Amino acid sequence: MKILIALGIVLVIFVLALLAMVNSKGDQGAVKRRLSVLAATAEEAGQDLTKGNETLVKLRKLLAIVGNRLRGIHAAEYFDFKMQQADWPMFGTEFLVVVGIITVAVSALVALLSLQMKMFFIAALVTPLICMAYLQLHISRRQAAFMGQLGDTLIMISNALRAGFSFLQAMEYISHEMGAPIGVEFSKVVQEMNLGSSLETALEHMNKRVRQVGGNLSQVLDSISTTIQERIRMRREVMSLTAQGRLSGVIVGSLPFFMVGMLLTINSSYFDTVTENETGRLLIGAAAFLELLAVIIIRNIVNIKM
């Protein structure tokens, strides 16, 4: 029973600590955080993320100081990437510091409650595992939410491109109109491109952040690419099969005009009787209407929608 209580305390403390960090992020936090990652200015990023709250400012400074001392460890880059996947406003080393503080606090609390030293070591082993499991669960849920929004996002990009937007403008539109996490990820792509990254590089970074077991963005994009290529192939095949019909439409549409022009060249007064007579003019109008109707019918027959 005491172990269950201790585990509950671990989760509560860990979630509260993360909520305090996440809620401290302002509207410009994502931009500042991205710039600080590129420029390696952790202290400046921490000040921007905790602006307006002195307690959080001090906490961020403390985390930045301790975290900077851990930047050289092998796991720092790995957890930096995990923080990007989770969209948590901290560096990987700062996360490790938070986990370490929680581990020590929970282990001491469990030892006091149980009055057994072995429980201290058990809690010291279990607490980091729970923290890592919560991190991975958050990342998995965020990735699943991203994939759930991807279909609507692709439709919105298609509509934006049809409306005359460039691809970059379409991504900016998505970043403003779509909620988290896909809006945040597209915002990061736009920011990276504004900082000089190519479109392919920025999209590859997003793909790595949202990659998940059993499916990832690259597979979705590959599927879309395959579908587009198949539609292009089918379109070309249909165009080749309907070439005769389209040529017939051109001939049917142009032949009367060609004949009239040739007759007027040979004998300019040939149509005087028809044009000067009311019935003749009606017949010419009816013939023009039927000609136009034939062109429209042939065009609809050979214009197969893909």
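Please refer to the structure placed before this passage.
Please read all numbers here as calculations on a predicted model, not as lab measurements. (Residues numbered from 1 in each chain as written. Predicted model: local features only at pLDDT ≥ 70, side-chain atom pairs only at ≥ 80, totals over all residues. Heavy atoms only, no water.)

Each helix and strand in the chain was counted, giving 14 helices and 0 strands. Reading the helices (α) and strands (β) of the chain from amino to carboxyl end gives α-α-α-α-α-α-α-α-α-α-α-α-α-α. Put simply, the chain has 306 residues, and 30% of those count as buried. A fraction of 64% describes how many contacts in the chain between residues 6 or more apart in sequence connect residues 24 or more apart. As presented, the chain carries roughly 18800 Å² of accessible surface, and 65% of it is formed by carbon and sulfur atoms. (Helix = DSSP H or I, 4+ residues; strand = E, 2+ residues; numbered from the N terminus. Buried < 20%, exposed > 50% of the residue type's maximum accessible area, 1.4 Å probe, protein only. Contact = heavy atoms within 4.5 Å. Areas by Shrake-Rupley, 256 points an atom, 1.4 Å probe, with all protein chains shown as cover.)

What follows concerns the packing of helix H5 (residues 75–86) against helix H6 (residues 92–114). Between H5 and H6, the shortest axis-to-axis distance is 7 Å and the interhelical angle comes to 90 degrees. In terms of axis orientation, H5 runs roughly perpendicular to H6. Where H5 approaches H6, its residues Ala-76, Phe-79, Asp-80 and Met-83 are matched on the opposing element by Gly-92, Thr-93, Phe-95 and Leu-96. Across the contact of H5 with H6, the residue classes break down as 5 nonpolar, 2 polar and 1 charged. (Axes fitted to C-alpha atoms, helices over the stretch in contact; angles between N-to-C directions. Parallel < 35°, antiparallel > 145°, perpendicular 65-115°, else oblique. Nonpolar A, V, L, I, M, F, W, Y, C, P; charged D, E, K, R; others polar.)

Here we come to a nonpolar patch on the surface. A contiguous nonpolar patch, built from Leu-247, Val-250, Ile-251, Leu-255, Phe-258, Met-259, Met-262 and Ile-266 and spanning about 790 Å² of accessible area, is present on the exposed surface. Structurally, Met-262 can be placed in helix H12 (residues 243–266). Classification of Met-262 by relative accessible area gives partly exposed; the value is 34%. (Patch = residues over 30% accessible without salt bridge, like charges linked within 9 Å, V, L, I, M, F, W, Y side chains within 5 Å. Salt bridge = Lys/Arg side-chain N within 4 Å of Asp/Glu carboxyl O.)

Attention now moves to unusual backbone geometry. Cis geometry marks the peptide bond from Ala-180 to Pro-181; its omega dihedral reads 5 degrees. The residue Pro-181 is located in the loop between helix H8 (167–177) and helix H9 (182–194) in this model. A positive phi angle is found at Asp-87, which is not glycine, with a value near 60 degrees. Relative to the helices and strands, Asp-87 is located in the loop between H5 and H6. When its relative accessible area of 12% is taken as the criterion, Asp-87 is described as buried. The backbone phi angle of Leu-115 is positive, close to 60 degrees, even though this residue is not glycine. As for its placement among the helices and strands, Leu-115 is situated in the loop between H6 and helix H7 (117–162).

As a further point, take the pattern of salt bridges. Once their charged atoms are close, side chains differing in charge can pair, the charge on each being opposite to the other. Here the structure, examined in full by the defined rule, presents 7 salt bridges. When the shortest N-O distance is used, the salt bridge between Lys-188 and Glu-185 registers 3.9 Å. One end of the pair, Lys-188, and the other, Glu-185, are both in helix H9, 3 residues apart, so they sit about a helical turn from each other. Through salt bridges with shared partners, a single network forms among Asp-87, Arg-142, Glu-185, Lys-188, Glu-192 and Arg-209.

Now for the environment of Ala-170. On the secondary structure map, Ala-170 appears in helix H8. Accessibility expressed as a relative area gives 0% for Ala-170, which makes it buried. Once the C-alpha coordinates of Ala-170 and Phe-186 are considered, the two residues, 16 residues apart in sequence, prove to be 9.8 Å apart. With residues up to four places along the chain from it excluded, the contact list for Ala-170 reads Ile-157, Ala-160, Leu-161 and Phe-165.

This brings us to the environment of Arg-281. Structurally, the position occupied by Arg-281 is in helix H14 (residues 278–302). Contacts of Arg-281, omitting those with residues within four sequence positions, involve Val-274, Thr-275 and Glu-276.

Axis separation between H6 and H7 bottoms out at 8 Å; the angle between their running directions is 140 degrees. Between H6 and H7, the interaxial angle falls into the category oblique. Seen along the crossing, H6 lies across H7 with a hand that is right-handed. Residue-level contacts link Phe-95, Leu-96, Val-99, Ile-102, Thr-103, Val-106, Ser-107, Ala-108, Val-110, Ala-111 and Ser-114 of H6 to Met-119, Phe-120, Ala-123, Ala-124, Thr-127, Pro-128, Cys-131, Met-132 and Leu-135 of H7. The residue inventory of the contact of H6 with H7, partitioned by class, reads 16 nonpolar, 4 polar and no charged. (Left-handed = near helix turned anticlockwise from the far one by under 90°.)

One can find Thr-127 in helix H7. What makes Thr-127 buried here is its relative accessible area of 1%. Within the structure, Thr-127 has its side chain in polar contact with the backbone oxygen of Ala-123 (distance 2.7 Å). (Polar contact = N/O pair within 3.5 Å; in protein donor to acceptor, adjacent residues only side chain to side chain.)

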